Amino acid sequence: MFQPVRAIAIFASVSLFAAGAAARPNTIGIGEIHEGMRGYGLTVFSGVRIDTFQVEVLAVLRNRSGPADAIVARVSGGPLSETGVAQGMSGSPVYLDGRLAGAVAWTSTFSKSPIAGITPIESMLEIPTRPMTPPPPDRYASSESGSARLFLNPAPRLEGTGALSGTEMMPIRTPVAGAGADARALAFLQNILEPYGMTVLQSGGGAIGSDSLRNARLEPGASLGVSLVRGDINVAGIGTVTWADSTTVIGFGHPMFFKGHVDLPMSLAYVHFLWPSQVVSYKVASQGPVVGALRQDRGSGIAGVLNERPDMLPVEIRISGGPQPRVVHYEVVRDTDLSPQLVTFGVVASLSELEALGIPASVEMTQVIEIEGRAPVRRKNFFTDFGGLMLAAQAGGEPIDALVRNPFAPVRIERVVYEISFRENIEAAFIKGLEIPRRVIRPGEPLVVRAIFQTYLGRQFEKTVSLPISSDTPDGVYTLRVGGADAAQRWTVARSPGRFIPDNLDHLIRLLNYEERNDNLTLEVVNRDIGMTVDDQELPSLPPSVFELMRSAVPGGRIGPILGTPLVRTQEPMGLYVLGSQEISVAVYRFARPR
């Protein structure tokens, strides 16, 4: 119902828009607020219509050791008697004595009456005084020379952080509207966003079109979306606008991610309905068109600018193997912590739509990461398991994470492309043993190896490989190693650890392009000499005295021992995921009996 008090608020809002970016709302300071004062708040309960609710101040909490003052109030009107304070109301402006007092931002679970904590407006109006331009691309990086960077971990909103002193009130959890993903994929997304105090919900559909939002704009009390994923898959956090003028919007009354200077899409939002719950109710909503960019994410709220659009990371997924080929397009926010995880979520969501998660599956996945001004990362591998598709999706996120967190130089990933082909069965084989018809051979003779495998569900088969042994191979005892990708990579890293410690961005990209295929069988014959690697240079077969001298003289970190140098190394494609490894001793002796 359109009430006169809301008309006054909208008139004031329109005046602010006309005044331009320098305008500030007519506010009431926390020192003027006292117990028993009555006023009203603005929020959306359905669609885009801004409704009013009543507010009665119960207490003013002053933090003498810091700026975290708060107002505690009883709210009523509309559906609030049934729902209490709902997720999605964060940022709902509260007016006392006709002036803007703050934003609904706090609540308590299992409350018998709708009680809200209100963040004072003074602290929220300070947010847009910080930089409202995009953050610099090298915000988390250091120089190309490779000086170490402090690796930052996600800064989750801990459950005990920021509680109102003397109460059990906590920041209202941000409802996250997800569309284009089923329940399994949304559960995966919940694991990503849970540390930030968010609740992932199935939204009423994809991004809402212009017809439903014809009369919507970001004004006090309007729904505010912060987009994380857009396209065939849509994900957005939902809150409420506290105040806006012609260029600036502030809202939420508490952090979203608590990331400080950010660049996230800011959108309109449409509320389908308010879902009541005995624990905490929430708005079921969908994001609308992007209308601006969120630039500050601070303790007392968020702030953004209108008519600017953040740079997003585009992703394309081509899937075959289901009922019909499928191509999925979406884009995710550019963020050190979120980008790799949201790209992975998109892969999980795309595969989950084919009912392909959690079933026996074998996957061939190709991933291309296009990097501005650099060589691309190209990876292709094979996965199989009861969760084979999930393993493939998560493996695709690892190189993205390594790139965006690299300590050498800013990286702009232009695009990520996946090609995924899957079959609904497990294709794996375990190495059960080795048979060597002749374990003592002459130099120049081939070493014949018969590997014995057992497939998933028990079928046995053999693979025979002939390894060429050079005619100038010294007499001695050698070790034959046969294994899958995990073993092969472990042997390679052990031989040359310096090679796998990048010292610049191009080196990192080369390493990301190296990956042992899971469906290859690796065979190698190595000697038992000791050696050393310095940086990525191998110094095999060193005399013991030289080895000890170098080990004590060369600084650590780029040095490692070599226990065995390969005489021959080969890989055989198997068409199956190879598991396990085997070793056996063989001898080369020039006076061995001939074949």
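It should be emphasised that the depicted structure is a prediction, and the values quoted were computed from it without experimental measurement.

Reading the values: the criteria
Residues numbered from 1 in each chain as written. Predicted model: local features only at pLDDT ≥ 70, side-chain atom pairs only at ≥ 80, totals over all residues. Heavy atoms only, no water. Patch = residues over 30% accessible without salt bridge, like charges linked within 9 Å, V, L, I, M, F, W, Y side chains within 5 Å. Areas by Shrake-Rupley, 256 points an atom, 1.4 Å probe, with all protein chains shown as cover. Salt bridge = Lys/Arg side-chain N within 4 Å of Asp/Glu carboxyl O. Helix = DSSP H or I, 4+ residues; strand = E, 2+ residues; numbered from the N terminus. Buried < 20%, exposed > 50% of the residue type's maximum accessible area, 1.4 Å probe, protein only. Core = buried A, V, L, I, M, F, W, Y, C linked by side-chain atoms within 4.5 Å. Phe/Tyr/Trp six-rings, centres within 6.5 Å; stacked < 30°, edge-to-face > 60°. Pairing = 2+ DSSP bridges. Axes fitted to C-alpha atoms, helices over the stretch in contact; angles between N-to-C directions.

**Student:** Quick rundown of a nonpolar patch on the surface? Include the residues and the values.
**Tutor:** On the surface, a nonpolar cluster with roughly 310 Å² of combined accessible area is contributed by V440, Y589 and F591. Looking at where F591 falls in the secondary structure, it is placed in the segment after β32 (581-588). Look at F591 and you get exposed, because its relative accessible area is 57%.

**Student:** Got a sec to walk through the nonpolar core? Specific residues and values, please.
**Tutor:** Looking at soluble globular proteins, one finds that nonpolar side chains tend to be buried together. Counting 74 residues, the largest nonpolar core has L193, Y330, F345, L403 and Y418 as its most contacted members. For this core, the leading source of residues is helix α5 (residues 338-352), giving 8 residues. If you look at the next biggest cluster of nonpolar residues, it comprises 26 residues, including V449, I469, V482 and V568.

**Student:** An account of the packing of aromatic side chains is needed here, citing residue identities and associated values.
**Tutor:** Taken as a whole and judged by the stated rule, the model has 7 aromatic pairs. Note on F500 and Y514: the rings are 5.6 Å apart at their centroids and 55° apart in plane angle, and the pair reads as tilted. Of the two residues, F500 is situated in the loop between α7 (485-495) and α8 (505-512) and Y514 in the loop between α8 and β26 (520-526); the sequence distance between them amounts to 14 residues. Per residue, the accessibility class of F500 equals that of Y514, and both read buried. Members of the aromatic cluster, joined through ring pairs, are F273, W275 and Y282.

**Student:** Just give me the short version of the sheet that holds strand β31 (residues 577-579), but keep the residues and values in it.
**Tutor:** Spatial ordering of the open sheet is given by β24-β23-β21-β31, a layout of 4 strands whose pairing is mixed. Where the open sheet ends on each side, the last strands, each with one partner, are β24 (460-468) and β31. For this sheet, the mean angle separating the axes of adjacent strands, direction not counted, is 35°.

**Student:** Kindly report on the sheet that holds β26, identifying the contributing residues and their values.
**Tutor:** In space, the 5 strands of this open sheet follow the order β22-β32-β25-β26-β30, with mixed pairing throughout. Because the sheet does not close on itself, it has two edges, and the strands there are β22 (440-441) and β30 (566-573). In terms of strand pairing, strand β25 (residues 476-483) meets β26 through 5 bridges, oriented antiparallel. The residue bridging L480 from the neighbouring strand is V525, located in β26.

**Student:** If you had to explain the side chain of Q367 to someone new, which residues and values would you point to?
**Tutor:** Relative to the assigned elements, Q367 resides in strand β18 (residues 361-371). With a relative accessible area of 2%, Q367 lands in the buried category.

**Student:** How would you explain unusual backbone geometry if you had to name every residue and give the values?
**Tutor:** In this model, F252 sits at a positive phi of 75°, which is unusual for a non-glycine residue. Within the element layout of this structure, F252 appears in the loop between β12 (248-251) and β13 (260-275). The class for F252 is buried, based on a relative accessible area of 0%. The phi angle at N307 is positive, at roughly 65°, despite the residue not being glycine. With respect to the element layout, N307 can be found in the loop between β15 (301-306) and β16 (312-320).

**Student:** Residue-level account of the pairing of strand β19 (residues 377-385), with values.
**Tutor:** Summarising the sheet, β18 and β19 pair through 9 bridges and their orientation is antiparallel. If you follow A361 over to β19, its bridge partner there is D385. Connecting β18 to the antiparallel partner β19 that follows it, the hairpin turn spans 5 residues, and G373 within it adopts a positive phi of roughly 75°.

**Student:** Give me the pattern of salt bridges: which residues, what numbers.
**Tutor:** Tallied over the full model, the rule gives 35 salt bridges. With its nearest N and O atoms 2.7 Å apart, the salt bridge here joins R318 to E316. Overall, the relative accessible area of 31% leaves R318 in the partly exposed class. On the basis of relative accessibility, which here comes to 12%, the residue E316 falls in the buried class. Measuring nitrogen to oxygen at the nearest pair gives 3.0 Å for the salt bridge that ties R569 to E524. Remark: E524 occurs in strand β26 and R569 occurs in strand β30; sequence separation between them is 45 residues.

**Student:** Describe the environment of P195, and please don't skip the residues or the numbers.
**Tutor:** Counting through the fold element by element, P195 comes out in the loop between α4 (183-193) and β9 (198-202). The partly exposed category is assigned to P195, whose relative accessible area is 36%. Taking the C-alpha atoms as reference points, P195 and F257, 62 residues apart in sequence, are found 9.1 Å from one another.

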